[in-house]
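Here is what each chain is made of, one letter per residue.
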Amino acid sequence: MRKQYAVIGLGRFGSSICKELYQLGHDVLAIDINKERVINIEKYATYAVNADGTDEDALKSLGIRNFEKVIVTIGANIQPSILCTLILKELGVKEVWVKAHDQKHVRILESIGADRIIQPEYEMGIRIAHQLDSSRVIEY
Ligand code: ATP
């Protein structure tokens, strides 16, 4: 079933999520404060918009509250990530998934109601360890 997603922050992580969701046949709104990153994603998103994820009026005018899931992948700088998450929850977005930079970021995101907190390096480390472990089993 076709769903509506928005991805805010188009670094390597955000843009790979955006491209994959779009290729899976979903509607994807891609947002970044950096114009060049928006231009680079245009072919791989339903809409690509140059906007600030901490600008409440801009998010409202994009109809962000109608999206089923919004993924915030503003990474290294935690302040805009936190503010963006807070605005999305206040606007009534049901599912807000957020990429966290460190444990302090995780704690703040938990306290403001992020629905899923993603720690890519940590989660990938666990997956890779399991893959290494299962390949060891197969070898014997
Ligand atoms: P990655 O590790 O995923 O490659 P990165 O290191 O290139 O990311 P980050 O600082 O993690 O960059 O930011 C991810 C994206 O978020 C960047 O494309 C950046 O322009 C965008 N971004 C930063 N602040 C905002 C904001 N306020 N609104 C929207 N996008 C933002």
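Our subject is the structure that appears above.
Now for a description of the structure that goes with this document. Fair warning: this is a prediction, and the values are worked out from it, not measured in the lab. (Residues numbered from 1 in each chain as written. Predicted model: local features only at pLDDT ≥ 70, side-chain atom pairs only at ≥ 80, totals over all residues. Heavy atoms only, no water.)

Here we look at the site of the ligand
And step 1. Arg12, Asp32, Arg37, Asp52 and Gly53 are the nearest of the 18 residues found near the ligand.
And step 2. Within the backbone of Ile33, one N or O atom sits 3.3 Å away from a nitrogen atom of the ligand.
And step 3. For the ligand, a nitrogen atom lies 2.8 Å from a polar atom in the backbone of Gly53.
And step 4. When the free accessible area of the ligand is taken as 640 Å², the share hidden by the protein chains comes to 78%. (Near = heavy atom within 4 Å. Polar contact = N/O pair within 3.5 Å; in protein donor to acceptor, adjacent residues only side chain to side chain. Areas by Shrake-Rupley, 256 points an atom, 1.4 Å probe, with all protein chains shown as cover.)

Re helix 5 (residues 103–111)
And step 1. Residues of helix 5 that are buried: His105, Val106 and Leu109. An end-on view of helix 5 places all buried positions within 100 degrees of arc, on one side of the element. Seen from the open side of helix 5, the exposed residues pointing more than 90 degrees away from its buried face are Arg107, Glu110 and Ser111.
And step 2. Those residues of helix 5 that are buried lie in contact with helix 4 (78–91), strand 5 (95–99) and strand 6 (116–118).
And step 3. Looking one or two places after helix 5, you find Gly113, whose phi comes out positive at around 95 degrees. (Buried < 20%, exposed > 50% of the residue type's maximum accessible area, 1.4 Å probe, protein only. Helix = DSSP H or I, 4+ residues; strand = E, 2+ residues; numbered from the N terminus. Arc of directions from axis to C-beta. Contact = heavy atoms within 4.5 Å.)

Re the sheet that holds strand 5
And step 1. Taken in spatial order, the 6 strands of this open sheet run 3-2-1-4-5-6, and their pairing is parallel. Because the sheet does not close on itself, it has two edges, and the strands there are strand 3 (47–50) and strand 6. Geometrically, the sheet is characterised by an average inter-axis angle of 15 degrees between neighbouring strands, direction not taken into account.
And step 2. Sheet analysis places strand 5 next to strand 6, joined by 3 bridges and oriented parallel. In the strand pairing of strand 6, Val98 is matched with Ile117.
And step 3. Running at roughly 175 degrees to strand 5, helix 4 makes contact with strand 1 (4–8), strand 4 (69–72) and strand 5 of the sheet. (Pairing = 2+ DSSP bridges. Axes fitted to C-alpha atoms, helices over the stretch in contact; angles between N-to-C directions.)

Some words on the environment of Ile118
And step 1. Within the secondary structure, Ile118 is located in strand 6.
And step 2. With relative accessibility at 7%, the residue Ile118 sits in the buried group.
And step 3. Separated by 46 residues in the primary sequence, Ile118 and Val72 place their C-alpha atoms 9.7 Å from one another.
And step 4. Every residue in contact with Ile118, bar those within four places of it in the chain, is listed here: Phe13, Trp97, Val98, Lys99, Ala100 and Glu123.

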